[in-house]
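# Examination of the molecular architecture
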Number of protein chains: 2
Amino acid sequence: MKIETFKDLESTYEKTALENELITIQCWVRNNRSSGKIGFLNVTDGTARNIQVVYKKDIINNFNEVNRFTVWTAIEVTGNIILKENEDKYEINATNIKLLATSDSDFPLQNKEHSFEFLRDISQLRPKSNLFNAVMRIRSEASFAVHAFYHHFNFIYLNSPEITENDGEGAGENFVVKTKDNKNFFGEEAYLTVTGQLHAEAYAQAFKNVYTFGPTFRAENSHTNRHIAEFWMIEPEMAFNDQRYGMGVAEAQLKFVIKWILDHCQYELKICAKKNDENLINKLKKYLTKSFPIIDYKDAVDLLKKHQEEKQVIFENKDLYFGMDLASEHEKYICEKVYDMPTFIINYPKEIKAFYMKLNNDDKTVAAFDCLVPGIGEVVGGSEREANIEKILIRCKELKINPEKLQWYIDLRKYGYYKSVGFGIGFERMIMMLTGIENIRDVIPFPRFPGSIKF
Amino acid sequence: MKIETFKDLESTYEKTALENELITIQCWVRNNRSSGKIGFLNVTDGTARNIQVVYKKDIINNFNEVNRFTVWTAIEVTGNIILKENEDKYEINATNIKLLATSDSDFPLQNKEHSFEFLRDISQLRPKSNLFNAVMRIRSEASFAVHAFYHHFNFIYLNSPEITENDGEGAGENFVVKTKDNKNFFGEEAYLTVTGQLHAEAYAQAFKNVYTFGPTFRAENSHTNRHIAEFWMIEPEMAFNDQRYGMGVAEAQLKFVIKWILDHCQYELKICAKKNDENLINKLKKYLTKSFPIIDYKDAVDLLKKHQEEKQVIFENKDLYFGMDLASEHEKYICEKVYDMPTFIINYPKEIKAFYMKLNNDDKTVAAFDCLVPGIGEVVGGSEREANIEKILIRCKELKINPEKLQWYIDLRKYGYYKSVGFGIGFERMIMMLTGIENIRDVIPFPRFPGSIKF
């Protein structure tokens, strides 16, 4: 195998076969220091970990030129691989170093700590930092792991539309799509999608198991570290199956992705752990060892009340009652303090959930399930779907939703609609879980939030 | 292995081990006919090909009920597998058939031919037809094959933003994104993206090899069978590499996906071939056997002129000259009549190509490459990128593009930008190639085009 990238080097099975091997590789300078007759370049070609290149005045013919190479200069290095005992594993003993393209000295990512805000402002350059390189590599691997999981289990991938005629039934504020001269290109008002679920349900009625994985949008003027205007969602939908089955798939998918990242991104995880959360890797491993706990919404409220009263736990929102929407602090308390695991809360009151969720036999709650993850909050939201058209129409009425534009969706139930269950996973929130990154704006390449559209 | 789906049946390695096996499976009725004491259900669970279920009056206890099951009734069948010699391979001898959910008799997909227009109008139901089931399954497999290809070669997958601040530099008309009360959520005018290339280039400068695969948008009032307002694009970008390298990757990716579909979707391809193009499978196989021909734009124009003059080929657009934009009829003539293969046309005049394409040494042409596919036209469009800032700014001026909002992109060249090459593949056009479907509106689940936003 010809070695063309650092990844090829990393992937070479027999490390000892590399000893003294002469290679030529194109890469960027990350760091350059020298002491008189010997210099050290820290280089990367973006495909794997950084490597040290040693260059000596008496070996290369342009020592002084190389000495002046600034950060992110593009170069071609020829040299011999020297195996090492420490974690770096190998370095390159340069015999020749060629300049390919210079890098201006105003390169903003010098070797010092920068704030996340500063880096967000140079989103086009931040993947050149070690941390963002690791985060975006984990994001890429996690994305592939998601596809690998569903493909393995024969789920059909569908692309639900980004531009839709319905405005999301209370799932949040919508963006409107117009032509430049402010016309309705599609003949009527059109919106950016807030969910692919309705379309996924249609496809599940033809393929049994399907999933979407694409961008969704919320025009919410939200400035939390968990909300963003443009984000990616994974939305599987499974016909013939129920709430418990859906929860099983959600847990299996999360665990599959965690396992995949532990198996494929050890180096990147270590960088993330060092910068974000030293306990990151142990935490992820722990999530694999146990079943995710499941608690009924009703029991969760009782438990919160009990801990407020008996354990003097202090919540900002103290009014705890059946029917309330759990606040972020409550959700975090349950998954962080009570279980310290990703935790399913199920069977929420119908009043605080969407019109399409299956009404339970108690006539009060719906067969919903949210999965809350420590440090993040809701990562999964799902439910079994209501298969009965009359019940859906009653829910629409109660929630003041005009079912007219949803007729096609509701009518799916006319044709052999036995059961269906599905959920949405916020892809960025999953990446927060995998990297320990605390702000959702830092796990997507070019974040979109109120007032920010740069790039 | 417990058999739960028809796919499990299909995947069972030792077919003979299935003989007489008792299974229970949930599925939908596609067809139901009987003659006195014996009935035949054609059923599907959406995971694989349809299967025949034989039900006999003296075996099942609800023969008359089953007899009345309409198309797309959901049922649970228990019975024994009977292996067959013909292409169907097996059928099920029912011992019990249970109704799970009825299907209204107005189900619009009865067993007759429907026009594509009619089916487009019921996009939520059309995957239940054999043809659309096959097309969308091929689409799903092709999508996975794309990810598998780039993942295998260590390309980093990035999600370029859907909402951007720049309006695409002449790549076509943009959609504008507003809030419901007609405000600029992002503080300035925002657009739906027409390409992820600019952002991919930024990431290639950190990871070497990257790709995007996501939705892109054009607000063009176009009614051809090759244009659509919302479509998916695959956009790889490779730092340190040139035009020829990019063409190699494009050809390799197309061939990889074709091979994947030939290997994984024989059944679906046969359905497509039968309905759309009986030569489909041979055509796809042929594409694998040869290198894609490459012709210079200049030579292509000369060749068209020559054939117009000497071979009496009749074009609608007769004015052929260096500098012209090739019309669809010219492109088709070259790839269909001259080569009968996917064909690269390279080195177009700079005037008809984008500002970021690398200027060739002749100062007249750019290092662009389009790949034209018989029956479809342009499927791939790409180029080596201009690495020289001064040259880019001159091109912006010539093309009357304000470089202000592109400064971040142009400035990528300040930091070790040696070379970069990339291309975009229209995913839907690739699916047209793989399925023989002639209208782009029929290879995407919910097509968006002028005046059409239903669902």
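Everything in this summary refers to the structure shown in the same document. (Residues numbered from 1 in each chain as written. Chains lettered and ligands numbered in written order. Predicted model: local features only at pLDDT ≥ 70, side-chain atom pairs only at ≥ 80, totals over all residues. Heavy atoms only, no water.)

### What about the sheet that holds strand β1 (residues 22–35) of chain B?
Residue and element names in this part refer to chain B. Pairing in this closed barrel of five strands is mixed, and the strands run β1-β2-β3-β5-β4 around the ring. On average, adjacent strands in this sheet sit at an angle of 55° to one another, irrespective of strand direction. Taken together, the seven bridges between β1 and strand β2 (residues 38–44) define a ladder with antiparallel strand orientation. Across the sheet, Ser35 pairs through a bridge with Ile38, a residue of β2. (Pairing = 2+ DSSP bridges. Helix = DSSP H or I, 4+ residues; strand = E, 2+ residues; numbered from the N terminus. Axes fitted to C-alpha atoms, helices over the stretch in contact; angles between N-to-C directions.)

### Observations regarding the pattern of salt bridges
Scanning the entire structure with this criterion turns up 48 salt bridges over all chains. Here Lys255 of chain A makes a salt bridge to Glu251 of chain A, at a shortest N to O gap of 2.8 Å. Of this pair, Lys255 of chain A and Glu251 of chain A are both found in helix α6 (residues 243–264), four residues apart, which corresponds to roughly one turn of the helix. By relative accessible area, which is 17% here, Lys255 of chain A ends up buried. For Asp106 of chain B, the salt bridge goes to Lys414 of chain A, with nearest N and O atoms at 3.1 Å. Within this pair, whereas Asp106 of chain B is found in the loop between β5 (90–101) and α3 (116–120), its partner Lys414 of chain A is found in the loop between α12 (407–410) and β16 (420–426), the two belonging to separate chains. Looking at Asp106 of chain B, the relative accessible area reads 42%, which means it is partly exposed. Within this structure, Glu201, Glu237, Arg385 and Arg413 of chain A form a network of salt bridges that share partners. (Salt bridge = Lys/Arg side-chain N within 4 Å of Asp/Glu carboxyl O. Buried < 20%, exposed > 50% of the residue type's maximum accessible area, 1.4 Å probe, protein only.)

### As for the packing of helix α7 (residues 266–276) of chain B against helix α8 (residues 280–289) of chain B
All names here are of chain B. The N-to-C vectors of α7 and α8 enclose an angle of 120°; their axes lie 8 Å apart at closest approach. In terms of axis orientation, α7 runs oblique to α8. Contacts between α7 and α8 involve Gln266, Leu269, Lys270, Cys272 and Ala273 from the first element and Leu280, Ile281 and Leu284 from the second. For the contact of α7 with α8, the class distribution of residues is six nonpolar, one polar and one charged. (Parallel < 35°, antiparallel > 145°, perpendicular 65-115°, else oblique. Contact = heavy atoms within 4.5 Å. Nonpolar A, V, L, I, M, F, W, Y, C, P; charged D, E, K, R; others polar.)

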